[in-house]
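# Working through the structure, step by step
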Number of protein chains: 2
Amino acid sequence: MAFQNHDASTIVTDHTRPITIVQNGASFVPTFPDCYVNIDEEFPGEAHVYKQEKVIFQGKSQYQDFFVFQSQTYGKIAILDGCLQLTEKDECSYQEMLTHLPLCSIPNPRKVLLIGGGDGGILREISRHDSVEQIDICELDEMVINVYKEFFPDIAIGYVDPRVNVHIGDGVAFIKSVPPGTYDAIIIDAFPGMGAYATELSDEDFLKSIAKALKPGGVLSAQADSVWIKNFTMEDTITRCRNIFKGSVNYAWTSVPSYPSGSIGFVLCSTNGPSVVDFKHPVNQLDPEKFGVANGPPKFYNSEIHTAAFCLPAFAKSKMGSTYA
Amino acid sequence: MAFQNHDASTIVTDHTRPITIVQNGASFVPTFPDCYVNIDEEFPGEAHVYKQEKVIFQGKSQYQDFFVFQSQTYGKIAILDGCLQLTEKDECSYQEMLTHLPLCSIPNPRKVLLIGGGDGGILREISRHDSVEQIDICELDEMVINVYKEFFPDIAIGYVDPRVNVHIGDGVAFIKSVPPGTYDAIIIDAFPGMGAYATELSDEDFLKSIAKALKPGGVLSAQADSVWIKNFTMEDTITRCRNIFKGSVNYAWTSVPSYPSGSIGFVLCSTNGPSVVDFKHPVNQLDPEKFGVANGPPKFYNSEIHTAAFCLPAFAKSKMGSTYA
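Chain A carries the name Spermidine synthase 1-like in an unreviewed UniProt entry, which gives Cucurbita moschata as its organism. Per UniProt, the comment on chain A under Sequence similarities (unreviewed entry) is "Belongs to the spermidine/spermine synthase family."

Structure representation (structure tokens):
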């Protein structure tokens, strides 16, 4: 596989020295040798520890620290600024759901924008959609792209798709520059921990620029809180998104063992369009015979689990706001 | 609340001294002071660590060690022989799903048997069902019951239900002594880590004695592997259960953050009866106005999430065996 844009100068590798990453700002910081300790400020007083079988990569870009190690049962694990970004074992769940929940909810997605997601896994998933003609990605940190291309070829394979156009830069600025009504779908894969920009579901200006960049009946998907977070509520976010997008707004969740609480949420929004988008019931099934540039069919996603992702525990459903159906 | 059968002699409490429980048999054993480290042999090379805010109870029965501590965000956490049994924060998911998946799948459960489940949470959930006339529980270790009654009143409240009959003894022997066709539902809540008996879904004799103890069209629920376990497969278990129970056999899963991989599976079986049990579509809705002895409505379970629990990731669905629908 030939990768483009590889800039080896950003990569500093030390394959031999086991290290321990210690995060600050947490209420307790357990440390022990040869282990990576994942601590999330939303889940104080707990930690998820992984033994480092082998350090694969350590590097630093102008934006962040990147660390990759081989784990015992999760395959390779990628760490950005001390926060677990993905593991080879369970990236399928996050990447497939974040991609196919929006793209399978509209009939013929043609133009798709990905903000963040430099690993390429979302690109790999978008690539499964035959109707898509153009895939734009705006990633801030070129090192992320290069490291994934080097060490996670089954994820970065998304870049092989000839429909992909890579833009290196700030996603917020990129969206503001987009002509109105350009995209059928916008996917945001930017973690709060990732530095220069974040999934700002509380930033009205950012949300308005996304809504403007979407076609009528276009869709947005973005990461949202786990239902298990302390004082979980989506009421304000859903009200805000309803006011700005003026179409459907829903919350879904999925299982990702390596994320805090073992699960993660998603917010799905559609702009007002010719027909109402019903996120819970996919209208656009993946063709089981076509994988795009991926090496096989989805590992996690199917139409059943698409609908199931919108079924919430009683305690979470009550935190969606009074108008949530 | 008045509890019966309280035998304080089995309880030895030290509320002050923080301790660290170290489990053997794991591939690595990180230790640090004032933390509980949960390691599961099915997930080698990882650990889930909780800060102990306060030690609540330490004791030892003839069967096992029991340890209870106050955590920062999971409420009190109960540890049996070094294995996390439940946390106050997320016990709702496991207890409600293990109970209502079977009981809401049949029209009028009248006699229910619980094997294990000494904490009382399953009893609390069975108690929500008005149709139930008799609730038998067979728990091996009386200390478990007493400790939960003392320190987890919202869970052990299940014992308050006057329909409950407590049997202290071995669950396997108890089931073998049951007259054929006694129960509408049997629920097994016995962890492999719990010692003297385990959820022996591979033990044909045990399964046959359960099938015999059930009425025609009666149902069994038991804990099963998480879909995220290495080399996950349910094919043999499902085939074995089909051959023995001769009715419906299904696999479901739910989110439990404090369990390894953040999720757990269930096996549901029905014996051959007057009508086919369709576990995926509950025929018996919980009355929203009636809570039994519980203090309020279910926190996790609802009819939507009942059905959603049977929707599996693509990789898991392919491991159910060729005849699984």
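Having seen it, we continue.
## Looking at the sheet that holds strand β5 (residues 76-80) of chain A
All names here are of chain A. Pairing is antiparallel across the open sheet formed by four strands, whose spatial order is β3-β4-β5-β6. Because the sheet does not close on itself, it has two edges, and the strands there are β3 (54-60) and β6 (83-87). Direction aside, neighbouring strands of the sheet carry axes that sit 20° apart on average. The pairing of β3 with strand β4 (residues 65-70) spans six bridges and is classified as antiparallel.

## Some thoughts on the relation of the copies chain A and chain B
Here chain A sits on chain B after a turn of 180° about the axis and a move of 0.0 Å along it, with an RMSD of 0.0 Å. Here the symmetry operator amounts to a two-fold rotation axis. When the interface residues of chain A are mapped onto chain B, 100% of them again fall at the interface, so both copies present the same face.

## Side note on the UniProt feature "active site" (unreviewed entry) in chain A
Mapped onto this numbering, the UniProt entry gives "active site" (unreviewed entry) at Asp189(A). Relative to the helices and strands, Asp189(A) resides in strand β10 (residues 183-189).

## Examining helix α3 (residues 142-151) of chain A
Residue and element names in this part refer to chain A. Where burial is concerned, most of α3 is hidden: eight out of the 10 residues are buried. All buried positions along α3 are accounted for by Met143, Val144, Ile145, Asn146, Val147, Tyr148, Lys149 and Phe151. Two or three places before Met143, at the opening of α3, Asp141 has a side-chain oxygen 3.1 Å from that residue's backbone nitrogen.

## Side note on the interface of chain A and chain B
Facing 45 residues of chain A, the contacting portion of chain B comprises 45 residues. Taken as a group, Glu46(A), Trp228(A) and Glu304(A) account for 16% of the area that chain A buries against chain B, more than any other trio of residues on that side. Between chain A and chain B we count two salt bridges in total. Among the salt bridges present, the one from Lys317(A) reaches Glu304(B), with a minimum N-O distance of 2.6 Å. One can count 24 residue pairs in polar contact (both at pLDDT 80 or more) joining chain A with chain B. Counting only elements with at least two residues in the side of chain A that touches chain B, the list comes to β2 (46-51), α1 (91-103), β12 (246-255), α8 (303-308) and α9 (314-317) of chain A. Of the residues forming the side of chain A that touches chain B, the biggest block, six residues, is contributed by β2(A). Grouping the constituent residues of the side of chain A that touches chain B by class yields 26 nonpolar, 11 polar and eight charged. Across five bridges, the pairing between β2(A) and strand β2 (residues 46-51) of chain B is antiparallel. Its bridge partner being in β2(B), Val49(A) is matched across the sheet by Ala47(B).

## Some words on the sheet that holds β10(A)
Residue and element names in this part refer to chain A. The strand order across the open sheet built from seven strands is β9-β8-β7-β10-β11-β13-β12, with neighbouring strands paired in mixed fashion. Strands with a single pairing partner mark the edges of an open sheet, and in this sheet they are β9 (164-168) and β12. Strand-to-strand twist of the sheet, defined as the mean angle between neighbouring strand axes without regard to direction, takes the value 15°. Of the pairings in the sheet, the one linking β12 to strand β13 (residues 263-271) comprises eight bridges and is antiparallel in character. Bridging across to β13, Asn250 finds its partner in Leu268. Here α1 sits on the sheet and contacts β7 (111-116), β10, β11 (214-224), β12 and β13; the angle it forms with β10, its principal contact strand, is near 155°.

So, how was this worked out
Residues numbered from 1 in each chain as written. Chains lettered and ligands numbered in written order. Predicted model: local features only at pLDDT ≥ 70, side-chain atom pairs only at ≥ 80, totals over all residues. Heavy atoms only, no water. UniProt positions renumbered as here; feature names shortened; annotations may be inferred. Pairing = 2+ DSSP bridges. Helix = DSSP H or I, 4+ residues; strand = E, 2+ residues; numbered from the N terminus. Axes fitted to C-alpha atoms, helices over the stretch in contact; angles between N-to-C directions. Least-squares fit on C-alpha atoms with pLDDT ≥ 70 in both. Contact = heavy atoms within 4.5 Å. Buried < 20%, exposed > 50% of the residue type's maximum accessible area, 1.4 Å probe, protein only. Polar contact = N/O pair within 3.5 Å; in protein donor to acceptor, adjacent residues only side chain to side chain. Buried area = accessible area lost by both parts, 1.4 Å probe. Salt bridge = Lys/Arg side-chain N within 4 Å of Asp/Glu carboxyl O. Nonpolar A, V, L, I, M, F, W, Y, C, P; charged D, E, K, R; others polar.

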